[in-house]
Amino acid sequence: MRDFSYFRADNIEAARNAAALPGAMLLAGGTTLVDLAKCGVAEPATVIDISHIEGLNAIDASADRALIGALAKMSHVADNAEVKSFFPAVSEALWQAASAQLRNMATIGGNLMQRTRCPYFRDPANFPACNKREPGSGCSAIGGVTRGHAVLGVSEACIATYPGDLAVALVAFDAEVDLGERKLKVEDFFLAPGATAEQEHDIRPGEVITAIEIPGSAAARRSTYMKVRDRQSYEFAAASAAVGLELEGDGRTIRDIRVALGGVATKPWRARAVEDALKGKALDEATIREASELAMEGAVDHGANHYKIALAPRVIARAILKLGETA
Amino acid sequence: MTSQIIIDPPEDGHFRNGLAANGSTPSPTTLSLHLTINGQTHALDIEPRVTLLDALRERLHLTGTKKGCDQGQCGACTVHVDGERVLACLTMAAQVEGRSITTIEGLADEDGTLHAVQAAFLEHDAFQCGYCTPGQIMSAVACIREGHAGSDEEIREYMAGNLCRCGAYPNIVAAVRQAAQELRS
């Protein structure tokens, strides 16, 4: 790891000033930054430690909304009683991510800034070509080992999968990220690679995430996060789905449904085609399975990740059917 | 080290590490820190890039905390910061100044009486080579305290961040189950 200068910010204004400097990177939980610094991917000139700023870790959740401070730890949000009651998919996405130790370290704001686990991105010594690290250098994954790579939102510049879980649930329920001067939909905060794979987030120098806000809804209250992976725990998703469901008074017609996907796309992926196909329809298995296939419209595989195109719709369908069984 | 509020960042974009606010000015590449580990305060002069794991092992010679993968994937370096389990390999030493750190060396009573989790690991033979064991034990102590050791399934889920390449998992689960019962009663 290259050495850097270290500075501790005591308040958000200080953090914003410091974040505007060239070569400065913010340190919250450290689970992404320290890891990537060890890989040689992140080479900050200055590390701005924001973990000691007070008052940024509050969790205020009710049926109406959840307001979560950027420095709240993943574990604390996952275990919060109101989050579990009113936003179960958020809690489930959190406790199924990483390990207990990492969840005690990683913050909600830092989680949104998590980088891809693409093994080519993470290995600059062996794979100099990576448009995310070095714009214009090429993509080592295309033509390489692609089992974990994305099938949705890919471009000729990059096929790296967005690895997180929380943001998938946030996108499903129209959460916003608070950047101080600006508030953005989490869905818009994440950028698909296009021709500019190096830009993963709509965040500008000097901006610091201070909170996320999730509007409450009946669908958020009846929601789940289903994560399918190579081993049962402590693994990134092969495919995952955050799903929320609201039924009409007849108990079988779908009034509102939310579907977002993880593990298969270059950003947290809202599957609106599935939602539109199911609104107003009866909650039956054949209808759900047929609609779930719509999530894969436009999917492009690179060989070894072809299985995701078959897997993801099944994960969506299973998640919806599971919700249908709950009262 | 005295932290300070950044109002006017330096023009070249590089903060000087010394933070001369308290009058003593370490060299630009050194931080002077005080870390509280197992109830004792230690003074350290280190480079900013030093992790808590390397500070514990290489500077303070507290080698009970193990270095496995050194990239946040194996759990061998698990310690407690303010009572919560974290990975020392992904924690910067500078970041935990002012926090209370507990390592495996700080777990037993001063008279040498083992913590219930340590005793349960011995009783259930919950290890083979032993390299992951300090991390397993620190993780288990926190797992029980969090209330995440209510069933074997829950223990497996919430201990998933600690890998054991010898495969002692059934015995680890048994040890955690027993210690959880003892600590609850």
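Keep in mind it's a predicted model, so treat the numbers as computed, not measured. (Residues numbered from 1 in each chain as written. Chains lettered and ligands numbered in written order. Predicted model: local features only at pLDDT ≥ 70, side-chain atom pairs only at ≥ 80, totals over all residues.)

(A) Structural view of the environment of Gly-153 of chain A. Residue and element names in this part refer to chain A. Within the secondary structure, Gly-153 is located in the loop between α7 (108-112) and α8 (166-172). Given 24 C-beta atoms within 10 Å, Gly-153 falls into the buried group. Sequence separation between Gly-153 and Val-264 is 111 residues, and the spatial gap between their C-alpha atoms is 9.0 Å. Beyond its immediate chain neighbours, meaning those up to four positions away, Gly-153 contacts Ala-192, Ala-265, Thr-266, Lys-267 and Trp-269. (Helix = DSSP H or I, 4+ residues; strand = E, 2+ residues; numbered from the N terminus. Buried ≥ 20, exposed ≤ 12 C-beta atoms within 10 Å, placed from the backbone. Contact = placed C-beta atoms within 7 Å.)

(B) Quick peek at the pairing of strand β9 (residues 223-228) of chain A. All names here are of chain A. Of all the six residues making up β9, five are buried; the element is thus mostly covered by neighbouring parts of the structure. Note that β9 and strand β10 (residues 239-247) share six bridges and pair antiparallel. Note that in β10 the partner of Thr-224 across the bridge is Val-243. (Pairing = 2+ DSSP bridges.)

(C) Spotlight on the packing of helix α12 (residues 285-292) of chain A against helix α13 (residues 307-325) of chain A. All names here are of chain A. At their nearest, the axes of α12 and α13 sit 8 Å apart, and the two run at 145° to each other. Relative to α13, the crossing made by α12 is right-handed. Contacts between α12 and α13 pair Glu-285, Ile-288, Arg-289 and Ser-292 from the former with Pro-313, Ile-316, Ala-317, Ile-320 and Leu-321 from the latter. In terms of residue class, the contact of α12 with α13 is built from six nonpolar, one polar and two charged. (Axes fitted to C-alpha atoms, helices over the stretch in contact; angles between N-to-C directions. Left-handed = near helix turned anticlockwise from the far one by under 90°. Nonpolar A, V, L, I, M, F, W, Y, C, P; charged D, E, K, R; others polar.)

(D) Spotlight on the sheet that holds strand β1 (residues 5-8) of chain A. Residues and elements named next belong to chain A. Taking strand neighbours across the sheet as the criterion, the three strands line up as β1-β3-β2 in an open arrangement whose pairing is parallel. Pairing within the sheet leaves two strands with one partner each, and these edge strands are β1 and β2 (24-27). Across this sheet, the average inter-strand angle for adjacent strands is 25°, counted without regard to direction. Pairing geometry for β1 and strand β3 (residues 46-49), over four bridges, is parallel. The partner of Ser-5 across the bridge, within β3, is Thr-46.

(E) Structural context of the sheet that holds strand β5 (residues 65-69) of chain A. All names here are of chain A. In space, the five strands of this open sheet follow the order β4-β5-β8-β6-β7, with antiparallel pairing throughout. The outermost strands of the open sheet, each flanked by one partner alone, are β4 (59-61) and β7 (183-185). Adjacent strand axes in the sheet meet at a mean angle of 15°, parallel and antiparallel pairs treated alike. Direction of pairing for strand β6 (residues 176-178) relative to strand β8 (residues 211-215): antiparallel, over a ladder of three bridges. Counterpart to Glu-176 in the pairing with β8 is Glu-213.

(F) Structural detail: unusual backbone geometry. Residues and elements named next belong to chain B. Phi is positive for Asn-38, close to 50°, though the residue is something other than glycine. Following the sequence through the fold, Asn-38 ends up in the loop between β1 (31-37) and β2 (40-46). Taking the number of C-beta atoms within 10 Å as the measure of exposure, Asn-38 has 16 and is therefore partly exposed. Here Asp-82, not a glycine, exhibits a phi torsion of approximately 50°, which is positive. Note on placement: Asp-82 falls in the loop between β3 (78-81) and β4 (84-87). The class of Asp-82 is exposed, set by 12 C-beta atoms lying within 10 Å.

(G) Geometry of the packing of helix α2 (residues 116-123) of chain B against helix α5 (residues 169-184) of chain B. Residue and element names in this part refer to chain B. It is the contact of α2 with α5, at a shortest axis distance of 8 Å, that shows an interaxial angle of 140°. Judged on the interaxial angle alone, α5 and α2 are oblique. The interaxial crossing formed by α2 with α5 has right-handed handedness. Taking contact as the criterion, the partners of Ala-116, Val-117, Ala-120 and Phe-121 in α2 are, on α5, Ala-175, Gln-178, Ala-179, Glu-182 and Leu-183. (Parallel < 35°, antiparallel > 145°, perpendicular 65-115°, else oblique.)

(H) Local environment of the interface of chain B and chain A. Listed by partner, the interface residues are 35 residues for chain B and 37 residues for chain A. Within the residue set of the side of chain B that touches chain A, elements represented by two or more residues are β4, α3 (133-146) and α4 (152-158) of chain B. It is β4 of chain B that provides the largest number of residues to the side of chain B that touches chain A, a total of four residues. The residue makeup of the side of chain B that touches chain A, split by class, is 15 nonpolar, 14 polar and six charged.

(I) How the structure looks around helix α1 (residues 12-19) of chain A. All names here are of chain A. Taken across its eight residues, α1 has six buried, putting it largely inside the fold. All of the buried residues along α1 are Ala-14, Ala-15, Arg-16, Asn-17, Ala-18 and Ala-19. In this structure, the buried side of α1 is in contact with β1, β2 and β3.

(J) A look at the pairing of β8 of chain A. Pairing of β5 of chain A with β8 of chain A involves five bridges; the strand directions are antiparallel. Within β8 of chain A, the residue paired with Ala-66 of chain A across the bridge is Ile-214 of chain A.

(K) Layout of the domain arrangement of chain B. Residue and element names in this part refer to chain B. Partitioning chain B into structural domains gives domain 1 (20-106) and domain 2 (116-184). The centre of domain 1, based on its C-alpha atoms, is set 24 Å off from the matching centre of domain 2. Contacts between the two partners involve 14 residues from domain 1, matched on the other side by eleven residues from domain 2. At the level of secondary structure, the elements contributing two or more residues to the side of domain 1 that touches domain 2 comprise β3 and β4. The residue makeup of the side of domain 1 that touches domain 2, split by class, is five nonpolar, six polar and three charged. (Domains from an automatic or database assignment.)

(L) The arrangement of the nonpolar core in detail. With 166 residues, the main nonpolar core has Ile-48, Ala-169 and Ile-316 of chain A together with Val-176 of chain B as its most contacted residues. What Ile-316 of chain A contacts, discounting residues up to four positions off in sequence, is Ala-241, Val-243, Val-259, Ala-271, Val-274, Ser-292 and Ala-295 of chain A. (Core = buried A, V, L, I, M, F, W, Y, C linked by C-beta atoms within 7 Å.)

(M) A look at the environment of Thr-41 of chain B. Examined against the element boundaries, Thr-41 of chain B turns out to sit in strand β2. Beyond its immediate stretch of four places on either side in the chain, Thr-41 of chain B contacts His-34 and Thr-36 of chain B.

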